[in-house]
Amino acid sequence: MKHTIVLSLVALSVAIGCSGCQKNNYAGSWDSSPLDQKWSKATSQHFWWTSQGSQIAPYDYFTALELKDSQELFASNSHFDRLRYITVPEKSRMNPGGLPIGYVKNQVKVDGLDIMGMNCAACHTAKWKINGVDVLVEGGPSKGDTQNFLYELIDSMTQTLEQADKFDRFAKRVGGDPAALKAGLSKWRDRLVARKVRNPIPADNEPGFGRIDALTNIVNEVTAGSLGIPENAAVASAPVSYPHLWDAPQHDVVQWNGSIPNAGIGPALRNLGEVLGTFGSIEIDPKPGKLPNYPNTTAETKHLNAIEQDLWALSSPLWPEKLAPIDRAAADAGKPLFEHYCRACHLPIDRTDPGRRIFAQMHDVKTDRTLNDKLNRQVRTGKLMGTPKMLNPSTVFTEQDLPVNVLMNVVFGAFQAHKRDFALRPGIALNELMKTGKLPSLGQLFDSLDGDVKQGVADFQITAEQLKQAYQMTGNTPPTATNNYKARPLNGIWATAPYLHNGSVPTLAELLKTDTERVKEFYVGSWVLDPIHVGISDVAEEGGVQHYLFKTNLTGNSNSGHNFGTRLTADQKKQLIEYIKTL
């Protein structure tokens, strides 16, 4: 049985293996040995320096700017160190400005100018200092402070425009007509100011190092920015820790709350949304009765697909035992404790199996619910009103809708316009879906698939439940409000502190306390790993950098819930932690 091909719901990206990959061996002070994450140096550098369509400022402007009230360059390594982004010791062909990991020169120019933007490596590459040795963790959560990066860049641009001597030094570095430079700098500064206005943060609760309210930022950029409806903007009051990326392509759903299905076009939609949240943009041009198709976006879609393919080969980091030995006797004793208290939610996985698949365990364990609550608000749909939500032309936007439905329409429109860039396998299109919007039976689905796609689906172990989740994002099935969060396998979890989705618990040892006993305030920003308690070192200052004081009594910061293993003895908790190091 054949059907007209319109969309791939369950077509699968082909996992690219990493046969013969070498271990990393970076210049500088990085420890090069034990993490064994299955990436070559070439793969790492591709991930670090490939542009994805984020547009922050002209490249030459950015590298010529000085900090506010200083002649230190904004792009200096010392400044980026203070912001806790990972600097590199030298320039290279892929990184001609010597910028930190994840700060890139875009392939696409604007008005004839090279543009500087971020890619996912800026927030998803970790650095730890373990017993005096710097260790780089590919795909780990950065401690970068994106919020203050934006605010300080605006301050730098503003003072450069206002102070003649500062502007003269800037103009000399960049070259060209000073009047044109001033007009250009003003234009890009105003663009960043507009973004800041669209994404207000609570006065008493900055995200701090390694956190941002990513989902609210993305939704605000679409519903307030692209739609041009300022009142749709919400306060970014649900900051979450940057998640780690190993095993991300192998998950059935992504986001801390499992809100985005990850089969078929799911990764493309997720990555397109990420660009919009990190200084990218899109023009929305809906047509009544037509599926969304929005070609005008800054997203570099071919590069997004290539970066996603990098992640298929990434393995979780092994505990660096040569730097901090594991107590093997304690770890052996901790294994049955893990099996009893942790395994049901945190499923075991073979980190090196290229065919590994992860089915999310979604539970309400009474952790902070601010993130989930923010998704249930309504926004005005503006020019989307009366147009299809996503797949089903008969399911249209009314005057108001959930922000996630608007977001899905927009990123699907970008995908639809650039779908060839994502190199998906041949897809399915069910006429039943287009006519009725109803979920077909699994039997109907398989009847409609070509042989190679059938095998792809079988390989992915697709289930009826996954298909149901995929249809929820089409607007055909309304989402159910929950406070569920995703429990992931714990391989490499040692490199991802602080813990819980909002980063409210500094160490594994603290997580094994009852939520009433856990520390109420702690500092975030240190690169020094606590190898005993496994997590961040709680110090107020390091290398002249004042760290962020995390207060768990503020909205979005609660450290409540996840009261598992709390009744273990002190020795048993130590044993459990030693075992978790081995995963």
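What comes next is a walk through the structure. Computed from a prediction, not measured in an experiment: that's the story for all the values here.

A short note on the overall build of the protein
For the protein, the count of helices and strands is 18 helices and 19 strands. Looking at the 583 residues of the protein, the share that counts as buried comes to 58%. Long-range contacts, defined as pairs at least 24 residues apart, comprise 74% of the intrachain contacts of the protein with a sequence gap of at least 6. Carbon and sulfur atoms form 52% of the exposed surface of the protein, whose accessible area is close to 23100 Å².

A word on the environment of Lys520
Inspection of the secondary structure assignment puts Lys520 in the loop between α17 (508-511) and β14 (521-524). In the structure, Lys520 is positioned 39 residues away from Asn559 in sequence and 8.0 Å away in space, judged by C-alpha atoms. Of note is the side chain of Lys520, whose polar atom sits 3.1 Å from the backbone oxygen of Asp515.

With respect to empty space enclosed by the protein
Rolled over the atoms, a probe sized like a water molecule indicates the empty space that remains. Taken as a whole, this structure holds seven cavities of 30 Å³ or more when the rule is applied. If you add up the space inside the largest cavity, you get close to 930 Å³. Lining the largest cavity are 48 residues, with His124, Ala214, Pro243, Gln255 and Glu274 positioned closest to its centre. For the lining of the largest cavity, the secondary structure elements donating two or more residues are α4 (146-162), α6 (178-198), α7 (214-226), β7 (240-241), α8 (266-277), α9 (301-312) and α12 (403-418). No other element matches the six residues that α8 contributes to the lining of the largest cavity. In terms of residue class, the lining of the largest cavity is made up of 25 nonpolar, 15 polar and eight charged.

Here we look at the packing of helix α1 (residues 41-49) against α9
It is at 10 Å that the axes of α1 and α9 come closest, and there the two elements cross at 140 degrees. Taken together, α1 and α9 sit at an angle that is classed as oblique. Between α1 and α9 lies a crossing whose hand is left-handed. Packed against α1, whose contacting residues are Thr43, His46 and Phe47, the element α9 presents Ala306, Ile307, Asp310 and Leu311 at the interface. Here the residues of the contact of α1 with α9 are counted per class, giving four nonpolar, two polar and one charged.

Parameters at a glance
Residues numbered from 1 in each chain as written. Predicted model: local features only at pLDDT ≥ 70, side-chain atom pairs only at ≥ 80, totals over all residues. Heavy atoms only, no water. Helix = DSSP H or I, 4+ residues; strand = E, 2+ residues; numbered from the N terminus. Buried < 20%, exposed > 50% of the residue type's maximum accessible area, 1.4 Å probe, protein only. Contact = heavy atoms within 4.5 Å. Areas by Shrake-Rupley, 256 points an atom, 1.4 Å probe, with all protein chains shown as cover. Polar contact = N/O pair within 3.5 Å; in protein donor to acceptor, adjacent residues only side chain to side chain. 1 Å grid on protein atoms, 1.4 Å probe; cavity = no way out; pocket = protein on both sides within 12 Å on 5 of 7 lines; lining within 4 Å. Points joined across faces, edges and corners; volume = space filled by probe spheres on them. Nonpolar A, V, L, I, M, F, W, Y, C, P; charged D, E, K, R; others polar. Axes fitted to C-alpha atoms, helices over the stretch in contact; angles between N-to-C directions. Parallel < 35°, antiparallel > 145°, perpendicular 65-115°, else oblique. Left-handed = near helix turned anticlockwise from the far one by under 90°.

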